[in-house]
There are 2 protein chains.
Amino acid sequence: MRQLTVQLEERSYPILIGSGLLAEAPQFFEQYGLTKKSPLLIITDENVAPKYLAGLEQTLRAADYTVVSAVVPSGETSKSLSVYQDMMTVAIEGKLDRSSAIIALGGGVVGDLAGFVAATYMRGIKFVQVPTTILAHDSSVGGKVAVNHPLAKNMIGAFHQPELVLYDVDTLQSLPPRDVSAGLSEMLKHGLIRDEAFAHWCEEHAEELLGLDPEALGYGLERGCGIKAEIVSRDERENGERALLNLGHTIGHAIEAIAGYGEFLHGEAISIGMAGSALLGEKLGAPAGLYDDTVRMLRSLRLPVTMPKHLDTDALMDAMMHDKKFREGHMVFIIPDRIGAARIVKDVPVSAVRDVIELLKEGAE
Amino acid sequence: MRQLTVQLEERSYPILIGSGLLAEAPQFFEQYGLTKKSPLLIITDENVAPKYLAGLEQTLRAADYTVVSAVVPSGETSKSLSVYQDMMTVAIEGKLDRSSAIIALGGGVVGDLAGFVAATYMRGIKFVQVPTTILAHDSSVGGKVAVNHPLAKNMIGAFHQPELVLYDVDTLQSLPPRDVSAGLSEMLKHGLIRDEAFAHWCEEHAEELLGLDPEALGYGLERGCGIKAEIVSRDERENGERALLNLGHTIGHAIEAIAGYGEFLHGEAISIGMAGSALLGEKLGAPAGLYDDTVRMLRSLRLPVTMPKHLDTDALMDAMMHDKKFREGHMVFIIPDRIGAARIVKDVPVSAVRDVIELLKEGAE
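Residues numbered from 1 in each chain as written. Chains lettered and ligands numbered in written order. Predicted model: local features only at pLDDT ≥ 70, side-chain atom pairs only at ≥ 80, totals over all residues. Heavy atoms only, no water.

Trainee: Before we go on, may I ask you to explain the overall build of chain A in this structure?
Mentor: A count of helical and extended segments in chain A gives 14 helices and 13 strands. For 365 residues, the compact-globule estimate of 2.2 N^0.38 gives 21 Å, and the C-alpha radius of gyration of chain A, at 20 Å, lies within 12% of that figure. Once the C-alpha set of chain A is aligned to its principal axes, its extents read approximately 60 × 40 × 40 Å. Looking at chain A as a whole, 63% of its 365 residues are labelled buried. At a minimum sequence separation of 6, the contacts of chain A that also span at least 24 residues come to 75%. For chain A, the accessible surface area stands at approximately 12800 Å², while carbon and sulfur atoms represent 49% of it. Counting 34 positive and 50 negative side-chain charges, chain A places the centres of these two groups 5 Å from one another. (Helix = DSSP H or I, 4+ residues; strand = E, 2+ residues; numbered from the N terminus. Rg over C-alpha atoms; globule rule 2.2 N^0.38 Å. Buried < 20%, exposed > 50% of the residue type's maximum accessible area, 1.4 Å probe, protein only. Contact = heavy atoms within 4.5 Å. Areas by Shrake-Rupley, 256 points an atom, 1.4 Å probe, with all protein chains shown as cover. Lys, Arg positive; Asp, Glu negative; His and termini not counted. Charge placed at Lys NZ, Arg CZ, Asp CG, Glu CD.)

Structure (structure tokens):
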């Protein structure tokens, strides 16, 4: 088992990565302070439930935990205030109290939704992230939880750190190839912003990663989570460098909003966004070759790097204006300087962004 | 002007109490860190808006603040997820960003709603409490914000401290007598749990308080807020003594839930609850006379002290079981030992509570 710690003083917590961890959930839950006197609520989705829910319920009940469960539809549509209210109803009817905990069993959508329920049920109770996707190595660490508003993604949320991230890599073996690639997009992102050697490692080990080789995957997740944990430890509330983690996300969120949540996986949308950020970087003075290197790395993980032509440029620009990284009247972007280093640029000209959107459409379908 | 500080390290903030403060809002907002570069959102209700909204908007705009406003229906029904979502829409359309602030102009309902919007818009932005009721001297201090779930009051919320509480006592002069009494209920509560002399002072100055005498009101609010601030400073997240502030609230919340939000003002419901808590106190060993003294004090402020007979005892008991002060299987109550002192009792027998509900109905309509 690989173990990391997110250092946040009294809110520090461990990330455990390994094989067979779901079967040991009760002992980890107990070790990290989840009482057996109050009910647990497992929130999961329709994809994950048939594979792992009954087993986890059984394991926990055998260890004398009281468990209630809720299964939400798969996909971004479950990050709504309506599903959020349903989860509150389940929690109240399940008699969760202030000592209860919520278990997020699933990918990023489940983690974000369950985490926001935990952040606000009775003004905040404990929660545990049990990620079942590669993508969730990013979203499960750092305490950002949210649901979507019809007008903008992740607009309603909180910072609420889990007690524990329990990452059973066996659950990744059943992921469809498209989800594997989309998850590796966030893994590569961590290299692109902070660790040149890790970015190259991702490209060099692309085939092993895509093939879900346990050793490559274990190391990649450990290093990906490690970079994220390090940044979050220094800037929990995103007053500064944490924003670097948003590389590719401004364009990516706009794609998700305009294409309709669901057409693109989150990791695919930010892959296009990272290609766009590299182009912007070159426009703003980064050495030529940055875009080519970035695109080659993304392609090695079988990720899209062009903007579909049917996505209207005006609509994309408008969606970006709604994005929350638009602060005090300026357009803020995370811009790479080179592979392994990026910075926050607060006054990116809107015209440059528009040019990049158009460039990203060249060669696209 | 009277000034207090809620001591919470980096989240400490001042409570300013005085006459004419609304007209000076811009200078206080600036002093306490509200930028003019980002829009402010004022949330208020239909009662308060006609009296103070246009004036406050004008004052702020004259000082170069950008202001958007939202007016919600008066009363507890506005503490719903549906109104909450509407406020999020207004905030997004008004282009509030991470440096924006939300101004809660009104009583407890507006403060709770606006505070929860601020706690969760873009994962938390600043807010300012501008209370316009006596009751809000309690709710505006301490950072508890929430909306109601159809099954239970205040079930969905957060701890989110304001930057500033700006208490213009001139706004209290237009309060209807019933609201005055209901507000004084929370003021007396602060004496009952922590300060015997202040409880007696409230009774002795009841006529001046009911007549909105500025000197009496100023002192009463300062001392009421002061007791609250002192307790919150020591226990922000209600892991211990902050629960004392819930004196009368378990029964009070049940009354509000069963009677239908609106039939009783919050202060009236907790007045009946405090009478009930005194009865429970005597049952659990407090000296005889506690109930008579408590009831006499409450009556001096023209507050109800009996349970209406049409409220079904079973329904009340059931509502209490849903209440969030029901923790790990035991029934938790705040029980007075004497005037000026109370404690948290975690294993109050359900039968004793039922007896008290029945006793509170004797002599009632």
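From this point, the discussion proceeds with the structure in view.
Trainee: I'm lost on the pattern of salt bridges in this one. Help?
Mentor: As a working rule, side chains carrying opposite charge can pair if their charged atoms are close by. All names here are of chain A. Tallied over the full model, the rule gives 54 salt bridges over all chains. With a shortest N-O distance of 3.1 Å, Glu215 and Arg2 are connected by a salt bridge. Remark: Arg2 occurs in strand S1 (residues 2-6) and Glu215 occurs in helix H9 (residues 214-234); sequence separation between them is 213 residues. In this structure Glu215 comes out as exposed when scored by relative accessible area, which is 55%. When its relative accessible area of 22% is taken as the criterion, Arg2 is described as partly exposed. Across the pair Glu10 and Arg11 runs a salt bridge whose closest N-O atoms are separated by 3.1 Å. Residues participating in the shared-partner salt-bridge network are Glu76, Lys79, Asp112, Lys153 and Glu256. (Salt bridge = Lys/Arg side-chain N within 4 Å of Asp/Glu carboxyl O.)

Trainee: Mind showing me how you'd approach the interface of chain B and chain A here?
Mentor: Interfaces are often sized by the accessible area lost when the parts come together. In this complex, chain B contributes 40 residues to the contact, which on the side of chain A involves 41 residues. Taking both partners together, chain B and chain A bury about 3700 Å²; carbon and sulfur atoms supply 57% of that area. In this structure, Arg98 of chain B and Glu238 of chain A form a salt bridge, with 3.4 Å as the shortest nitrogen-oxygen distance. Counting across the chain B and chain A interface gives twelve residue pairs in polar contact (both at pLDDT 80 or more). (Buried area = accessible area lost by both parts, 1.4 Å probe. Polar contact = N/O pair within 3.5 Å; in protein donor to acceptor, adjacent residues only side chain to side chain.)

Trainee: Please clarify how the packing of aromatic side chains should be interpreted in this entry.
Mentor: Both the distance between ring centres and the angle between the ring planes are used here to describe each pair of aromatic rings. Residues and elements named next belong to chain A. Tallied over the full model, the rule gives ten aromatic pairs over all chains. Residues Phe198 and Trp201 carry aromatic rings whose centres are separated by 5.7 Å and whose planes lie at 15 degrees to one another, so their mutual orientation is stacked. With Phe198 and Trp201 both in helix H7 (residues 196-204) and three residues apart, the pair spans about one turn of that helix. Considered together, Phe198 and Trp201 belong to a single accessibility category, that of buried residues. On the basis of an interplanar angle of 70 degrees and a centroid distance of 6.2 Å, the ring pair of Phe198 and Tyr219 is categorised as edge-to-face. Of this pair, Phe198 sits in helix H7 while Tyr219 sits in helix H9, and the two are 21 residues apart along the sequence. What makes Phe198 buried here is its relative accessible area of 2%. Chaining the aromatic ring pairs together yields one cluster made of Phe198, Trp201 and Tyr219. (Phe/Tyr/Trp six-rings, centres within 6.5 Å; stacked < 30°, edge-to-face > 60°.)

Trainee: Help me understand the sheet that holds strand S3 (residues 40-45) of chain A in this model?
Mentor: In a beta sheet, neighbouring strands pair by backbone hydrogen bonds and run either parallel or antiparallel. All names here are of chain A. Taken in spatial order, the seven strands of this open sheet run S1-S2-S9-S6-S5-S3-S4, and their pairing is mixed. Sheet topology places S1 and strand S4 (67-72) at the edges, where each strand pairs with a single neighbour. For this sheet, the mean angle separating the axes of adjacent strands, direction not counted, is 15 degrees. Sheet strands in contact with helix H3 (residues 81-93) are S3 and S4, and its direction is about 165 degrees off that of S4. (Pairing = 2+ DSSP bridges. Axes fitted to C-alpha atoms, helices over the stretch in contact; angles between N-to-C directions.)

Trainee: Just checking my understanding: could you explain unusual backbone geometry for this structure?
Mentor: One can expect most non-glycine residues to show negative phi and most peptide bonds to be in trans. All names here are of chain A. We note that Glu238 has phi near 55 degrees; this positive angle belongs to a residue other than glycine. Among the structural elements, Glu238 can be located in the loop between H9 and helix H10 (249-259). Within the chain, Arg302 stands out as a residue other than glycine whose phi angle is a positive 60 degrees. Along the polypeptide, Arg302 turns up in the loop between helix H12 (290-300) and helix H13 (313-322). Residue classification places Arg302 among the exposed positions, given a relative accessible area of 55%.

Trainee: Explanation requested: the side chain of Asp235 of chain A in the structure shown.
Mentor: Residue and element names in this part refer to chain A. Of note, Asp235 is situated in the loop between H9 and H10. For the buried Asp235, no salt bridge is present, and the opposite-charge side chain at shortest range is Arg242, 6.6 Å distant. Of note is the side chain of Asp235, whose polar atom sits 3.2 Å from the backbone nitrogen of Glu238. Contacts of Asp235, omitting those with residues within four sequence positions, involve Gly240, Glu241 and Arg242.

Trainee: I keep staring at the UniProt feature "domain: 3-dehydroquinate synthase N-terminal" (unreviewed entry) in chain A and nothing clicks. Help me out?
Mentor: Per the UniProt entry, the sites bearing "domain: 3-dehydroquinate synthase N-terminal" (unreviewed entry) are residues 71-181 of chain A in this numbering. Annotation note: span residues 71-181 of chain A, helix share 32%, strand share 30%, distance between end C-alpha atoms 25 Å. (UniProt positions renumbered as here; feature names shortened; annotations may be inferred.)

Trainee: Could you clarify how one ought to interpret the sheet that holds strand S3 (residues 40-45) of chain B in this entry?
Mentor: Residue and element names in this part refer to chain B. Overall, mixed pairing links the seven strands, which are arranged S1-S2-S9-S6-S5-S3-S4 in an open sheet. Since the sheet does not close on itself, it has two edges, and those belong to strand S1 (2-6) and strand S4 (67-72), each with one partner. On average, adjacent strands in this sheet sit at an angle of 15 degrees to one another, irrespective of strand direction. In the packing of helix H4 (residues 108-120) onto the sheet, the strands contacted are S3, S4, strand S5 (101-106) and strand S6 (126-131), and the crossing angle to S5 comes to about 170 degrees. In this fold helix H9 (residues 214-234) packs onto S1, strand S2 (13-18) and strand S9 (164-168), with an angle of close to 10 degrees to the strand it touches most, S1.

Trainee: Got a minute to help me understand the relation of the copies chain B and chain A in this structure?
Mentor: Relating the two copies of this chain is a rotation about some axis coupled with a shift parallel to it. It takes a turn of 180 degrees to lay chain B on chain A, together with a shift of 0.0 Å along the axis; the resulting RMSD is 0.0 Å. With respect to symmetry, the two chain copies, as superposed, fit the operation of a two-fold axis. If distances are taken from each C-alpha of chain B to the rotation axis, the shortest is found for Leu81 of chain B, at 4.0 Å. (Least-squares fit on C-alpha atoms with pLDDT ≥ 70 in both.)

Trainee: Sorry, what's going on with the pairing of strand S6 (residues 126-131) of chain A here?
Mentor: Where a strand is regular, its side chains alternate between the two sheet faces. Residue and element names in this part refer to chain A. Among the six residues of S6, five are classified as buried, and the element is accordingly described as predominantly covered. Across six bridges, the pairing between strand S5 (residues 101-106) and S6 is parallel. Across the sheet, residue Ile103 finds its bridge partner in S6, namely Val128. This β-α-β element, S5 to helix H4 (residues 108-120) to S6, shows right-handed connectivity. Here two bridges tie S6 to strand S9 (residues 164-168), and the two strands are oriented parallel to one another. Paired with Gln129 across the two strands is Val165, which belongs to S9. (Right-handed = clockwise from strand over helix to strand, strands pointing away.)

Trainee: Quick question: what am I supposed to make of helix H14 (residues 350-361) of chain B here?
Mentor: Taking 1.5 Å per residue as the helical rise, H14 of chain B with its twelve residues ought to reach 16 Å, and the 17 Å between its terminal C-alpha atoms agrees with that figure. Looking only at H14 of chain B, the buried set comprises Ala352, Val353, Val356, Ile357, Leu360 and Lys361 of chain B. (Expected span 1.5 Å × (residues − 1).)

Trainee: Quick question: what am I supposed to make of the pairing of S9 of chain A here?
Mentor: All names here are of chain A. Counting buried residues in S9 gives five out of five residues, a clear majority hidden from the surface. Of the two faces of S9, the one lined by Leu164, Leu166 and Asp168 and the one lined by Val165 and Tyr167 are each fully buried. In this sheet, S9 lies alongside strand S2 (residues 13-18) in parallel orientation, the contact comprising four bridges. Following the sheet pairing, Leu16 is matched in S9 by Leu166.

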